[in-house]
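What follows is the residue order along each chain.
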Amino acid sequence: MDYRTYIAEKINVEGMSAGEIRELLMTPPDPKMGDFCLPCFKLAKTLRKPPQAIAESLCGQIAADRVIASCEAVSGYLNVRLNKAEAVKDLLNEILSAGDDYGKSDIGKGKTVCIDYSSINIAKPFHIGHLSTTVLGGALYRIFKSLGYRTVGINHLGDYGTQFGKLIVALKRWGDTVDLSGKDFIRNIQKIYVRFHQEAEKDPALEDEARMWFKKIEDHDPEATKIFEWLKAETLKEADKIYELLDVHFDSYNGESFYNDKMAPVLKTLEEKGLLVESQGAKIVDLSAYDMPPCLLVKADGASLYATRDIAAAIYRKQTYDFDKCLYVVAYQQNLHFKQLFKVLELMGYDWAKDLEHIAFGMVSLEDGQSMSTRKGVVVYLEDVINKCIEKALGIIAEKNPDLENKEEVAKQVGVGAVIFSALQSSRIKDIVFSYDRVLNFDGETGPYVQYTYARCNSVAGRAAFEPEKVTAEELKEEEFALASLLGTFPQIVQDAAERREPFYITRLVTEVAKAYNKFYYECRILGEAEGVMQRRLGLTRAAMQVLRSGLALLGIRTVDKM
Ligand code: ARG
């Protein structure tokens, strides 16, 4: 039970939903005034009554019950006091009996959400710039799933383009100068790819050769296809290691090349509708009426573009999955691309174009100034960042807790958790400056801090048997109620995170729960208290564990029992 929701549902204000009233409920500055208050001056304008009169009439609506003790109208505020001890008991009961189902719901039943995320490029580095799309998409996927939606995770691979012709030429000429058998596949492929460009400056014939190989790929020439498929398989093999670490999975790997044969009908429709116009030999959709540059769909040489493939992909997804929403988790640099894409689909007459959403996010850079620019040749591989975090975590753990068993496994979860947490810590549109020291600070607002708190709860819970029927209401402390109030908001927070497509709501909640638990842990004795009080505090510990574990799992972070 979310106490705010509970109270909000008892208050009827014309023209306002319980959710809107919930938003207005605050914690009074002085606890003497009550546990929650509604500032009625915020309603005075719409209701055209003085705040105090509103507070009085709302107060009349609220009857005391097991959870609500009393209410009062004071200087335009509606103050509500809870039977805190009963409220905490009820909540414990609710969380502990729901177990892993706490926070889940079926509000999405019968609805489908497609999520396009990670969408890496074949034979290119999986760099730190892909961190956000990968973990944001992964989190949204789990969040929607936990709310009962059918979710379809799509890795829209960048597996089409003239660069593959160049790669084949490079492989044929210099393939044996690098080791392509092992873990540095991408790095070594990149070396000969760079070499291609250097050599092509001196010998333009290489470009012609590359064009020929690219054409062969398009024409399904067996040799070209074989090399191309091998590049794809090796890239995904490397990527899968990262996906495994981040607990990210996909239902489809249909990338750009999948749409090779699906663009002609799209172009035909566009032509029939008079939307496709010639411009300097190319074919475009004019979007000047919408204050946008034209959307280029066919180049003068007949080649299709990124946008052409995305139009075909959206139509394919609608036909295949009949989605209610299709989300594209892609950096804000592509804002214009998606605005154009959605507009073209709308102009084509697809009413579902309104269900397409660009879930934009900011840039990630490293604190030491290294950017993720591939152009400048500075590439920060995501795998390196994760491994460095795991290594540093191992150092910290070995120092703090030298006797810990399975240190390596713990360090892996802590290191990975630190990276994921940092990427999901703020509103997604914010740019992120990544710092190893900050993300691994065990005392800061970090993944390790939350995981550490979970391990602390686990150790407390293991010290005495929990007997729920013995929980009593006596001697409830403020810290207990504060913790319980937070735990009660979890289901609503998961829904808010889905609705706003903002996993950081959950990151923020688990951080607050960890802080509230630690405060409770220092202020409230557990073992050695009267049986009923001890049982309640053990129950709160277990309930906190439940919310931390479920919340972290939604983010893709695993908990460890000892740390
Ligand atoms: N591969 C693209 C990139 O790295 C992202 C693709 C995003 N998805 C899409 N349907 N356009 O920039």
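No experiment lies behind these values; they were computed from the predicted model shown.

Looking at the secondary structure, you find Tyr332 in the loop between β9 (325–329) and α13 (335–347). A residue is classified by how much of its surface remains accessible, and Tyr332, at 30% relative accessible area, is partly exposed. It is 45 Å that separates the C-alpha atoms of Tyr332 and Ala55, two residues lying 277 residues apart in sequence. Beyond its immediate stretch of four places on either side in the chain, Tyr332 contacts His358, Ala360, Phe361, Gly362, Met363, Ile429 and Asp431.

As a matter of local geometry, the ligand sits amid Asp116, Ser119, Asn121, His156, Tyr306, Asp310, Tyr328, Val330, Gln334 and Phe338. Here Asp116 contributes a side-chain N or O atom positioned 2.7 Å from a nitrogen atom of the ligand. Here a nitrogen atom of the ligand and a side-chain polar atom of Asn121 are 2.8 Å apart. Of the residues belonging to the shell around the ligand, the class tally is four nonpolar, four polar and two charged.

What follows is about the packing of aromatic side chains. Evaluation of the coordinates by the stated rule reveals 25 aromatic pairs. Measuring from ring centre to ring centre gives 4.9 Å for Tyr243 and Phe250, while their planes differ by 70 degrees; the resulting arrangement is edge-to-face. Owing to a relative accessible area of 2%, Tyr243 belongs among the buried residues under this scheme. By relative accessible area, Phe250 is classed as buried at 11%.

The next thing to look at is the pairing of strand β10 (residues 356–359). In this sheet, β10 lies alongside β9 in parallel orientation, the contact comprising four bridges. Its bridge partner lying in β10, Leu327 is registered against Glu357. The parallel pair β9 and β10 is bridged by α13, and the resulting crossover is right-handed.

This next bit is on the sheet that holds strand β4 (residues 112–116). If you walk across this open sheet you meet the four strands as β5-β4-β9-β10, and the pairing is parallel. In the strand order of this sheet, the two ends are held by β5 (150–154) and β10, each with one partner. When strand polarity is set aside, the average angle formed by the axes of neighbouring strands in this sheet is 20 degrees. Note that β4 and β5 share five bridges and pair parallel. Of the residues in β5, the one forming a bridge with Thr112 is Arg150.

So, on to the sheet that holds strand β2 (residues 68–74). The three strands lie next to each other as β1-β3-β2, forming an open sheet whose pairing is antiparallel. At either margin of the open sheet sits one strand with a lone partner, and together these are β1 (36–39) and β2. For this sheet, the mean angle separating the axes of adjacent strands, direction not counted, is 15 degrees. Across four bridges, the pairing between β1 and strand β3 (residues 77–82) is antiparallel. By the bridge assignment, Cys37 is partnered in β3 with Asn79.

Position of Phe144 among the secondary structure elements: in helix α6 (residues 131–146). The exposure class of Phe144 is buried, given its relative accessible area of 3%. Taking the C-alpha atoms as reference points, Phe144 and Asp368, 224 residues apart in sequence, are found 36 Å from one another. When sequence neighbours within four positions are dropped, the list of residues in contact with Phe144 reads Val113, Ile115, Tyr149, Thr151, Leu327, Ala498 and Arg501.

Bringing α13 into the picture now. With 13 residues, α13 extends 18 Å from end C-alpha to end C-alpha; this agrees with the ideal 18 Å at 1.5 Å per step. Taken together, the buried positions of α13 are His337, Phe338, Gln340, Leu341, Phe342, Lys343, Val344 and Leu345. For α13, the elements touching its buried residues are α11 (264–272), β7 (282–285), β8 (295–298), α12 (306–321), β9 and β10.

One non-glycine residue, His220, adopts positive backbone phi at about 60 degrees. For His220, the position within the fold is in the loop between α9 (205–218) and α10 (222–246). For His220, a relative accessible area of 62% puts it in the exposed group. At Asp247, a position not held by glycine, the phi torsion is positive, near 60 degrees.

Counting across every chain of the model gives 37 salt bridges. The residue Asp100 makes a salt bridge to Arg549 at a minimum N-O spacing of 3.5 Å. Of this pair, Asp100 sits in the loop between α5 (84–98) and β4 while Arg549 sits in helix α21 (residues 531–555), and the two are 449 residues apart along the sequence. The class of Asp100 is partly exposed, set by a relative accessible area of 48%. A salt bridge links Arg536 to Glu480, with the nearest nitrogen and oxygen atoms 2.8 Å apart. Of this pair, Arg536 sits in helix α21 while Glu480 is found in helix α18 (residues 478–488), placing the two residues 56 residues apart along the sequence. According to the relative accessible area criterion, Arg536 is buried, its value standing at 0%.

Here is what the cut-offs are and how they apply
Residues numbered from 1 in each chain as written. Predicted model: local features only at pLDDT ≥ 70, side-chain atom pairs only at ≥ 80, totals over all residues. Heavy atoms only, no water. Helix = DSSP H or I, 4+ residues; strand = E, 2+ residues; numbered from the N terminus. Buried < 20%, exposed > 50% of the residue type's maximum accessible area, 1.4 Å probe, protein only. Contact = heavy atoms within 4.5 Å. Near = heavy atom within 4 Å. Polar contact = N/O pair within 3.5 Å; in protein donor to acceptor, adjacent residues only side chain to side chain. Nonpolar A, V, L, I, M, F, W, Y, C, P; charged D, E, K, R; others polar. Phe/Tyr/Trp six-rings, centres within 6.5 Å; stacked < 30°, edge-to-face > 60°. Pairing = 2+ DSSP bridges. Right-handed = clockwise from strand over helix to strand, strands pointing away. Axes fitted to C-alpha atoms, helices over the stretch in contact; angles between N-to-C directions. Expected span 1.5 Å × (residues − 1). Salt bridge = Lys/Arg side-chain N within 4 Å of Asp/Glu carboxyl O.

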